[in-house]
Every structure is written in C-alpha cells, then in structure tokens.
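# Coordinate inspection notes
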Amino acid sequence: MHIQALRGTTDLLAPDVARLARVERAARRLAKCYGYQELRTPILEDAQLFLRAVGETSDIVQKEMFRFKDRGEQDIVLRPEGTASVVRAYLEHNLHKTEGFARLLYLGPMFRAERPQAGRLRQFHQYGVEAIGSHSPWVDAEAIVLCVEILRACGVKELAVWLSSMGCRPDQERSRAALRERLRPRLSTLCKECQGRFEKNVFRVLDCKHPACQEMARTSASSPFLLCGDCQTHFGTVREGLTAAGVMFDDTKVFARGLDYYTRTVFEVRAKGLGAQDAVAAGGRYDHLVEELGGPSLGAFGFAAGMERVLMAAGDAAAEAPAPARQGVYLAVLGAALMPQAFRLAQQVRARGMLAVMDPEGKSLKAQLREADKWQCRFVAILGEKEQQAQALSVKDLEQGTQQAIAFDAFPEAMAQHAVHTQS
Ligand code: ATP
Ligand code: MG
C-alpha cells in the first residue's frame, strides 16, 4: 500500500516552491518598506493560548484546531493562526518594554482541521503583520495599504477591500443586543449553528458561510455595529488614510470577523475568480488582546493573508516566471579515476556562488550531455584523459556557441564571472 499525504495537506514541488517564494519575497520586501521586522514563532503552542486569544466560541477553537496531548502531559496545538503567537512572543520577550510600538511580520504554515476543498487546506501558508502598541487609526490605514500593495505586487488585480468598524467593547455590547433584535424574527431561517450562535456570540452569524445566513447578513440595510463618537472618529480617520493613499474600499458591506479579539476596524480583501473561498486576506484591530494575554493595555492591529489563495487569485500572473537564463556548468567526467579532480573543481565553482552539476553514476558522455541539456546549463566542461594530461578542461559555452580550453587553476574564476546569483 502506498502511503499518501494526508487529506488537506500538499507536497510543494519545485515550481510550487518557486511560486510561493515569490509571494514571500513580495511580502518581505514591502513589509520592510513599511518598517516591519520579521519574527518566527514555533508551530507548536500551548492550547490555552488560542482558547484565551481566539475565543472559546470561535470556529477555530470549536472545531478547527489540531490539538493533542504531548505524551499525556501538555495540551498542545498546531498553530491555527499567527496573531496570538506573535502577541505571546512580544510579551515573552518584553518588547513592550524594549521596543514599545513594534511592527512585526511573520510567514509560515498554519493548521486547521477544516473540510478540505479548493482554497481550503488543513496545512496552508500565511504571511501576516502585527503592529502592536498603538491605538492610532493611521496604523490601521498603513497596514491595510501594505496588505493591498503586497497583493498587487503578487499579481492580484481585481480585489475588493471590505472595511467596517465593530466598535469598542461597550459598543459591541449595544450592537449585540440590537443585532439579536434584528435577527429574532428570522431566527428559524438561520442555519442550526447560527441558531446556537444567536445566544452565545451573535456576531458570528455575520461571518457564517451558510448561504441563508450570508443572504440575511448581506441584505441588511445598514451596519449592525453601533459606534460611539470616539469609534466613529477613529473609523473616519482610517478611511481618510486609505483615501489619501489611493486605496479604494467598500464600507457598505455587512460582515464581521470570526475571532473574539477584534475591536474597531476590521477588513477583508476579496478577489475575483476564487469562488466560495474568495477572502485572500483579512484582519483588524485588537485593543484588548495584549492585556488579555497578561500584558499592559496596548492597542494593536494586524492582518493575515493565505498564500495559496493569493496564488490562486493571481492566476497566470504568479505563474509567469521570467524565462530562466542558461546558468551554471555541467561537468562531464569520463572515467571513475577522474572523479576526485572533477569533484574538487565543481566544489570550487560552487564556492563562488555558481551552479555546478555532475553525474555521480559514471554514465556515458552522450548520456551526460543529455543531462547537461536538461539542466539548461550555460557551460559544459569535459574532463577526460586528454584534459587531465593538459591540466585544462574543454569548455563549451552554449550561449555564445564557442569552445575553449581552460586550465584547472583558472577554471573556477572563469566560471564565477558568469555566475547568476539567485535571489533568496
Ligand atoms: P475563511 O472565511 O475563508 O474561513 P478565515 O476568516 O477563517 O477565512 P483568517 O483566519 O482571517 O481566515 O485567515 C486569513 C486568511 O488565511 C484567509 O483570508 C485565507 O486567505 C487564509 N486561510 C484561512 N483558512 C484557510 C484554509 N483552511 N486554507 C487556506 N487558506 C486559508
Ligand atoms: Mg475559516
């Protein structure tokens, strides 16, 4: 029996890795321009972190966490999202004391035990940012602009930014009561789960994937969030910031974010052509999480984007790799006795940052030349008896169509001059 990858997990082969790496590069490059610094947190976390941060009634905690007992001892989860971990790390390393306001970027795999389907995996990849230590609405606007810029750089063209404010905690109390009143007459039309959510966490109804519930949420005439004066002003400045930066947004959509920690600004970026799973990125402000995880009372804002969905939304734009230039050298070796010499020369070329490939199997010259062709190497260097005696390789430049003898001593440098250093 063949063992296969688990449902909802994928192997990323070289072309997939190249596509994903392009998204990662765009995220890193642009986040840096906005002053964000990268951090990496563990994939394994204490289950309590998410129970406390994300909330007991969230879908993530209720049904999506890969949670297990570590040898019967610790209650562990494979991280389902990044924000809780980043805030934990921020506090654990006293960044609130040393840095105060911190702009942090993370990238990596996340895990959710969801029903696998197009755009919904059990192990997927996110990049995300967290700006911790400020209540300023300019922070929200700046991060949303960054989010859109990264998506554009990745080739996502048709995107819509949904923007809303869920208000502060007292606002949310009032909004909850009002939303229940609004929904009560239509309670029986909501899905079973939402009927439960109605009492426990009514905002979740606005985030439900069930068509009837979505219909209900989206046909609501007005935002269900009642904002106090301060929250209205805050939200106004976020919109002002986005307008100043030339980022279009839609603030008429009725939606909520499914995690407990959100307050005030929330947003989602939706992309054309993704079908039901059309959210590529989402985030918002969370002004109580730092305190709830044992830190001081600090405002914060963050977003996360799903890299697989970004790639789907970018479509061909992301698949377009620049035509690879011929690069590197294929060392064709004629006879086992010459292997040590070829091995040494290849090593010296690589030490100078250039691709050098050789055949470990002792294949025929013809087979090796076929291999060289497959590698699309710029040079083929042949090492046979004749070359060994002359202490010089026969080197073909397949780009220029020339051939010359290059002395062993001069070979590594001669090759290095043509090195195409790949970006990492
Ligand atoms: P959805 O509404 O699609 O379930 P979500 O609200 O659960 O998304 P977030 O927790 O906000 O998603 O995560 C941010 C982004 O991560 C999403 O916009 C999406 O691009 C991506 N994402 C979330 N869950 C998955 C998944 N199971 N597979 C692939 N990507 C995902
Ligand atoms: Mg989800």
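In short, a report on the structure. (Residues numbered from 1 in each chain as written. Chains lettered and ligands numbered in written order. Predicted model: local features only at pLDDT ≥ 70, side-chain atom pairs only at ≥ 80, totals over all residues. Heavy atoms only, no water.)

## Things to note about the overall build of the protein
Along the protein, the regular secondary structure elements total 17 helices and 15 strands. Relative to a compact globule of 424 residues, whose C-alpha radius of gyration would be 22 Å, the protein shows 28 Å and is clearly more extended. With the C-alpha coordinates aligned to their principal axes, the bounding extent of the protein is approximately 90 × 55 × 40 Å. Evaluated residue by residue, the protein yields a buried proportion of 50% over its 424 residues. (Helix = DSSP H or I, 4+ residues; strand = E, 2+ residues; numbered from the N terminus. Rg over C-alpha atoms; globule rule 2.2 N^0.38 Å. Buried < 20%, exposed > 50% of the residue type's maximum accessible area, 1.4 Å probe, protein only.)

## Some words on the packing of aromatic side chains
Evaluation of the coordinates by the stated rule reveals six aromatic pairs. Centroid distance phenylalanine 267 to phenylalanine 303: 6.2 Å. Interplanar angle 80°. Geometry classified as edge-to-face. Within this pair, whereas phenylalanine 267 is found in strand β8 (residues 263-271), its partner phenylalanine 303 is found in strand β10 (residues 300-306), the two being separated by 36 residues in sequence. Among the residues examined, phenylalanine 303 registers a relative accessible area of 2% and is labelled buried. For arginine 270, the ring lying beneath its charged end belongs to tryptophan 162, and the centroid distance is 4.3 Å. (Phe/Tyr/Trp six-rings, centres within 6.5 Å; stacked < 30°, edge-to-face > 60°. Lys NZ or Arg CZ within 6 Å of the ring centre and 35° of its normal.)

## Digging into the packing of helix α6 (residues 137-153) against helix α10 (residues 229-244)
The relative placement of two packed helices is expressed as an angle between their axes plus a distance between the axes. Here α6 crosses α10 at 40°, and the two axes come no closer than 8 Å. Considered as vectors, α6 and α10 are oriented oblique to each other. Both α6 and α10 take part in a crossing whose hand is right-handed. Mapping the contact onto sequence places Pro137, Trp138, Asp140, Ala141, Ile144 and Val145 in α6 and His234, Thr237, Val238, Gly241 and Leu242 in α10. (Axes fitted to C-alpha atoms, helices over the stretch in contact; angles between N-to-C directions. Parallel < 35°, antiparallel > 145°, perpendicular 65-115°, else oblique. Left-handed = near helix turned anticlockwise from the far one by under 90°. Contact = heavy atoms within 4.5 Å.)

## A look at the sheet that holds strand β5 (residues 102-111)
Taken together, the seven strands give an open sheet; going across it, the order is β1-β5-β6-β10-β9-β8-β7, and neighbouring strands pair in mixed fashion. Either end of the sheet is taken by a strand with one partner, and the two such strands are β1 (37-38) and β7 (159-165). Judged from the six bridges that link them, β8 and strand β9 (residues 279-285) form a sheet pairing that is antiparallel. When the sheet's bridge partners are listed, valine 269 is paired in β9 with alanine 281. Contacting β1, β5 and β6 (123-132), helix α1 (residues 14-33) runs over the sheet at an angle of about 165° to β5. Against the sheet, α6 makes contact with β5, β6, β7, β8, β9 and β10, and its axis sits at roughly 15° relative to β10, the strand it touches most. (Pairing = 2+ DSSP bridges.)

## Section: the sheet that holds strand β4 (residues 74-78)
Strand order across the open sheet formed by three strands is β2-β4-β3, with antiparallel pairing between neighbours. The open sheet has two edge strands, β2 (44-46) and β3 (66-70), and neither has a second partner. Each neighbouring strand pair of the sheet contributes to a mean axis angle of 40°, computed without reference to strand direction. As paired strands, β2 and β4 are joined by three bridges and run antiparallel to one another. Paired with aspartate 46 across the strands is isoleucine 76, a residue of β4.

## Regarding the nonpolar core
Counting 103 residues, the largest nonpolar core has Tyr127, Ile132, Leu151, Phe267, Phe303 and Val310 as the members making the most contacts within it. Broken down by element, the residue count for this core peaks at ten residues, all from α6. Membership of the second largest hydrophobic core comes to 21 residues, among which are Val329, Leu345, Phe408 and Met415. (Core = buried A, V, L, I, M, F, W, Y, C linked by side-chain atoms within 4.5 Å.)

## Quick look at the pairing of β6
In terms of burial, β6 is largely enclosed, as nine of its ten residues are buried. In terms of strand pairing, β5 meets β6 through ten bridges, oriented antiparallel. Bridge assignment links leucine 104 to a residue of β6, and that residue is glutamate 130. Pairing of β6 with β10, which is carried by seven bridges, proceeds in the antiparallel orientation. Counterpart to valine 129 in the pairing with β10 is phenylalanine 303.

## Digging into the side chain of glutamate 308
Among the structural elements, glutamate 308 can be located in helix α12 (residues 307-314). Within the buried core, glutamate 308 has no salt-bridge partner, and the shortest N-O distance to an opposite charge, that of arginine 309, equals 7.6 Å. Once residues within four sequence positions are removed from consideration, glutamate 308 is found in contact with Leu121, Phe124 and His125. (Lys, Arg positive; Asp, Glu negative; His and termini not counted. Salt bridge = Lys/Arg side-chain N within 4 Å of Asp/Glu carboxyl O.)

## A short note on the pairing of β8
With respect to burial, β8 is a largely interior element, nine of its nine residues being buried. Two elements, β7 and β8, share seven bridges in a ladder whose sense is antiparallel. Of the residues in β8, the one forming a bridge with alanine 160 is arginine 270.

## What to know about α6
Along its 17 residues, α6 runs 24 Å from first to last C-alpha, staying within 8% of the 24 Å computed at 1.5 Å per residue. Across the 17 residues that make up α6, a large majority, twelve, are buried. When α6 is considered as a whole, its buried residues turn out to be Pro137, Val139, Asp140, Ala141, Ala143, Ile144, Val145, Leu146, Cys147, Val148, Ile150 and Leu151. Where α6 begins, the side chain of serine 136 points an oxygen toward the backbone nitrogen of tryptophan 138, at a separation of 3.0 Å. Of the residues one or two after α6, glycine 155 is the one with positive phi, at around 100°. (Expected span 1.5 Å × (residues − 1). Polar contact = N/O pair within 3.5 Å; in protein donor to acceptor, adjacent residues only side chain to side chain.)

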